[in-house]
Amino acid sequence: MDRPWLRPAVPLWVLLPALALLPVMALLPQLIHGGGWDLLGRFAAAAVTPSLDPLVVGSALQGLGITLGVALLGWALSLGLGLALGLASSRTVWWTWGAGPAPAGLIRRLLALPRSIHELLWGLFLLQLVGLQPAVAVVAIALPYGALVARVTADLLDALPTRSLDALRASGAPPGAALLTAIGPPLLPQVLSYGGYRLECALRSATLLGVFGLGGIGTDLRLTLQSLAFHELWTSLWLLLAAMLLLETLVGWLRRRWGMPGRLGLKRASVGRRGREILLTALALLPLLLWTAARLEVRPQDLLQWQGLPGLGQGDWSGVLALPWADLIGTTLVMTLLAAALAVGVAPLLLLLAAPWGWARAALQLIWALGRLWPPPLTALLLLFLLQPGLITGALALGFHNLGILGRLLLEAVESTDPGAEQALRAGGVGPRLALLYGRYSRLARSYLAYGAYRADVILRESVVVGLVGATGLGTQLLESLSGFAWDQIAALLAVYAVLTLLGEDLSDRLRQRLLVV
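Residues numbered from 1 in each chain as written. Predicted model: local features only at pLDDT ≥ 70, side-chain atom pairs only at ≥ 80, totals over all residues. Heavy atoms only, no water.

Asks: Is there a simple way to explain the overall build of the protein in this structure?
Replies: For the protein, the helix and strand inventory stands at 23 helices and zero strands. Taken over C-alpha atoms, the radius of gyration comes to 24 Å for the protein, in line with the 24 Å a tight globule of 518 residues would show. Across its three principal axes, the protein shows a C-alpha extent of roughly 75 × 70 × 60 Å. Looking at the 518 residues of the protein, the share that counts as buried comes to 49%. Taking the intrachain contacts of the protein between residues at least 6 apart in sequence as the baseline, contacts between residues at least 24 apart amount to 80%. Carbon and sulfur atoms provide 69% of the accessible area of the protein, an area that totals close to 24,600 Å². With 37 positive and 27 negative side-chain charges, the protein shows a separation of 12 Å between the mean positions of the two kinds. (Helix = DSSP H or I, 4+ residues; strand = E, 2+ residues; numbered from the N terminus. Rg over C-alpha atoms; globule rule 2.2 N^0.38 Å. Buried < 20%, exposed > 50% of the residue type's maximum accessible area, 1.4 Å probe, protein only. Contact = heavy atoms within 4.5 Å. Areas by Shrake-Rupley, 256 points an atom, 1.4 Å probe, with all protein chains shown as cover. Lys, Arg positive; Asp, Glu negative; His and termini not counted. Charge placed at Lys NZ, Arg CZ, Asp CG, Glu CD.)

Asks: Just to check I follow, could you spell out the side chain of Ser205 for this structure?
Replies: Summarising the element assignment, Ser205 is placed in helix α11 (residues 184–214). Engagement of the side chain of Ser205 in a polar contact is seen with the side chain of Tyr145, the distance being 2.4 Å. The residues touching Ser205, leaving out its near neighbours within four places in the chain, are Glu119, Ile141 and Tyr145. (Polar contact = N/O pair within 3.5 Å; in protein donor to acceptor, adjacent residues only side chain to side chain.)

Asks: I'm lost on helix α4 (residues 54–88) in this one. Help?
Replies: An α-helical segment advances 3.6 residues per turn. Residues three or four places apart therefore align on the same side. Look at α4: 50 Å from first C-alpha to last across 35 residues, which is about the 51 Å you get at 1.5 Å a residue. Measuring from the side-chain oxygen of the N-cap residue of α4 to the backbone nitrogen of Leu55 gives 2.8 Å; that N-cap residue is Asp53. (Expected span 1.5 Å × (residues − 1).)

Asks: Sorry if this is basic, but what is going on with empty space enclosed by the protein here?
Replies: The gaps of empty space that remain are located by a probe, the size of a water molecule, rolled over the atoms. Per the stated rule, a full pass over the model turns up four cavities of 30 Å³ or more. If you add up the space inside the largest cavity, you get close to 340 Å³. Forming the boundary of the largest cavity are 27 residues, of which Glu119, Tyr145, Ser205, Val458 and Glu462 lie nearest the centre. Counting only elements with at least two residues in the lining of the largest cavity, the list comes to α8 (134–159), α11, α17 (358–373), α19 (391–416) and α21 (432–467). Counting residues per element, the lining of the largest cavity draws most heavily on α11, at seven residues. (1 Å grid on protein atoms, 1.4 Å probe; cavity = no way out; pocket = protein on both sides within 12 Å on 5 of 7 lines; lining within 4 Å. Points joined across faces, edges and corners; volume = space filled by probe spheres on them.)

Asks: So what exactly am I meant to see when it comes to the packing of aromatic side chains here?
Replies: Aromatic ring pairs: the centre-centre distance and the angle between the two ring planes describe each pair. Inspection of every chain in the model, using the stated rule, returns seven aromatic pairs. Their ring planes at 35° and their centres at 5.1 Å tell us that Trp234 and Trp238 sit as a pair that is tilted. Residue Trp234 and its partner Trp238 are both found in helix α13 (residues 230–259); the two are separated by four residues, about one turn of the helix. The structure contains a cluster of three or more aromatic residues connected by ring pairs, namely Phe43, Phe230, Trp234, Trp238 and Trp374. (Phe/Tyr/Trp six-rings, centres within 6.5 Å; stacked < 30°, edge-to-face > 60°.)

Asks: For this particular structure, what's the right way to read the pattern of salt bridges?
Replies: If you walk through the whole model with that rule in mind, you get 12 salt bridges. The salt bridge partner of Glu200 is Arg408, with a shortest N-O separation of 2.5 Å. Residue Glu200 is found in helix α11, and its partner Arg408 is found in helix α19; the two are separated by 208 residues along the sequence. Residue classification places Glu200 among the buried residues on the basis of a relative accessible area of 3%. Salt-bridge contacts for Asp457 lead to Arg461; the nearest nitrogen and oxygen are separated by 3.7 Å. Taken as a pair, Asp457 and Arg461 lie in helix α21 at a separation of four residues, close to a single helical turn. In terms of burial, Asp457 and Arg461 fall into one category: buried. (Salt bridge = Lys/Arg side-chain N within 4 Å of Asp/Glu carboxyl O.)

Asks: Just checking my understanding: could you explain the packing of helix α20 (residues 420–427) against α21 for this structure?
Replies: Axis angle and axis distance: for two packed helices, these are the angle between their axes and the distance between the axes, and together they describe the pair. Packing of α20 against α21 brings their axes to within 8 Å, and their N-to-C directions diverge by 155°. As judged from the angle between their axes, α20 and α21 are roughly antiparallel. As for how α20 packs across α21, the hand of that crossing is right-handed. Counting all contacts with α20, which are made through Ala421, Glu422, Leu425 and Arg426, the residues of α21 involved are Pro432, Leu434, Ala435, Leu436, Tyr438, Gly439, Arg440 and Arg443. Across the contact of α20 with α21, the residue classes break down as seven nonpolar, one polar and four charged. (Axes fitted to C-alpha atoms, helices over the stretch in contact; angles between N-to-C directions. Parallel < 35°, antiparallel > 145°, perpendicular 65-115°, else oblique. Left-handed = near helix turned anticlockwise from the far one by under 90°. Nonpolar A, V, L, I, M, F, W, Y, C, P; charged D, E, K, R; others polar.)

Asks: I'm lost on the side chain of Arg455 in this one. Help?
Replies: Among the structural elements, Arg455 can be located in helix α21. In this structure Arg455 comes out as buried when scored by relative accessible area, which is 2%.

Asks: What is the right way to look at a nonpolar patch on the surface in this model?
Replies: On the surface, Leu16, Leu19 and Leu22 cluster together into a nonpolar patch covering about 300 Å² of accessible area. Residue position: Leu19 is located in the loop between α1 (10–13) and α2 (21–31). (Patch = residues over 30% accessible without salt bridge, like charges linked within 9 Å, V, L, I, M, F, W, Y side chains within 5 Å.)

Asks: Even after reading the chapter, I still don't get unusual backbone geometry, so can you show me in this structure?
Replies: Both trends apply: most residues other than glycine have a negative phi, and most peptide bonds are in trans. Residue Leu228 is not a glycine yet carries a positive backbone phi of 60°. Tracing the backbone through its elements, the reader meets Leu228 in the loop between α12 (217–226) and α13. Notably, Glu297 is not glycine yet its phi reads approximately 60°, a positive angle. Within the secondary structure, Glu297 sits in the loop between α14 (267–296) and α15 (317–322).

Asks: Explanation requested: the environment of Asp155 in the structure shown.
Replies: Its place among the elements puts Asp155 in helix α8. The sequence separation of Asp155 and Ser90 amounts to 65 residues, and the corresponding C-alpha distance is 7.4 Å.

Asks: For this particular structure, what's the right way to read the environment of Asp506?
Replies: Considering the arrangement of structural elements, one finds Asp506 in helix α23 (residues 487–516). Each C-alpha atom, one on Asp506 and one on Leu246, is 34 Å from the other, the two residues being 260 residues apart in sequence.

Asks: Whenever I open this one, the nonpolar core confuses me. Can you help?
Replies: Proteins that are soluble and globular tend to have nonpolar side chains buried together. Among the nonpolar cores identified, the biggest contains 110 residues, and Tyr441 and Tyr448 are the most heavily contacted of them. Among the elements that line this core, the one with the most residues is α21, at 14 residues. Apart from the residues lying within four places of it in its own chain, the contact partners of Tyr441 are Pro11, Val14, Pro348, Leu351, Leu352, Leu410, Val414 and Leu436. Counting 19 residues, the second-largest nonpolar core is a separate cluster that includes Ala20, Ala380, Leu398 and Val466. (Core = buried A, V, L, I, M, F, W, Y, C linked by side-chain atoms within 4.5 Å.)

Asks: Sorry, what's going on with the confidence of the model for the protein here?
Replies: Reading predicted coordinates in detail is not appropriate for stretches of low pLDDT. In this model, the protein carries an average pLDDT of 83, and 92% of its residues clear a pLDDT of 70 or more. Within the protein, α14 has the poorest average pLDDT of any element, 76, and α4 the best, 93. Low pLDDT, under 50, characterises residues 260–269; the predicted model gives this stretch five contacts beyond four residues in sequence or across chains. (pLDDT = per-residue confidence, 0-100.)

Put into structure tokens, the structure is as follows:
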């Protein structure tokens, strides 16, 4: 029986995932070993006294330059691959050229595999295959990101209305010209907006790859944390934070400039202006990419020099079947759900608590920026100063990183929501927290939770990251298999990860569709 009185009000939906805090708080006392409070205090105190030694600053700037270069090259390559493969996997494109949707469906299914494997796994595999080459990190970012961009491009293209395209085709226009004229202008701003977001993600991925030995500022962060050189660590961290915030500001400005249509009377001029600006930006970006590749010594031919893989061909499939698959999969899924619930629910809860004070909101923004910046493996290592390794530690590390991403998204959504309802509630004597809850959260609850469902799918892929530093789950087993060159186990683990992430992707898509149906 449908009992609507048992359903929470829409504004409360965004707070429901925060109930995951209850089991976490109940279990934390059993996990604390208490040996690292002094280290955590030193880590926090070093934030206000970073090292200003010229050698430290110079090393941090050099590492930051490598990370930015890898991120830029990986992003540019993924964008080019994604646009080409997105057109190839679009049903609208195949229909326009007189073919059925079957080729588009086949290409989409083939792209699901590289999309489902985390860039860290690509990096570790390529590292074993071709050795430590600067091109490894670039390709490790480009492969999964290119598949993601292709999926989004195809979905955006297929969702566009086709009346103008049909009219052009009926008038005798060639397929290519008709697609470019009818689909290009409305599609380009959306692709560029998503491409800007992927550039921010590429910076985080390049940092993460550095943590695992592929160079850049991530390597500096890991080494300084492991050697407890907290002042030097914060030097690198503050520089990376400044670079990330500058990049986010630039991308946000370009997204607003290129993504918003002009007024009705200026629409054609606006589209022409945007097109010229985008073309000039692309032309200016090309020599920068070539210069960056030369500086980093990124040579595509290095990827063709494969080295022998130890242990390849020595399969022990009985050993593969003997792995504790149920425990590995179950732990990974529980860690993913717990991290997603913490990230999705805690962000609106903290913003609600900080509502009466402007300084508290500013402090939240700083914490969320650090969460976006700080790679989950380093958060896990930091948590190990106090907590025992395991599911909760891994979930907290993943949750903190994604809390930073969701917190920023939530704050942007709140600031862009019509303040009329909140102001009316405040004028009626309602407190700032209730006014925010019922004045703005009610309007953005569905879209926020829909994005939260997407982040849950991303967190499932990211679970391998904390697993590789000993948290638990499939990632931990994958690390053991990689260290022992057990390629049969590695293949099985990657296949399981691919299946889980594709199933998670499908479930999150279905949940987003239900949430967005009003």
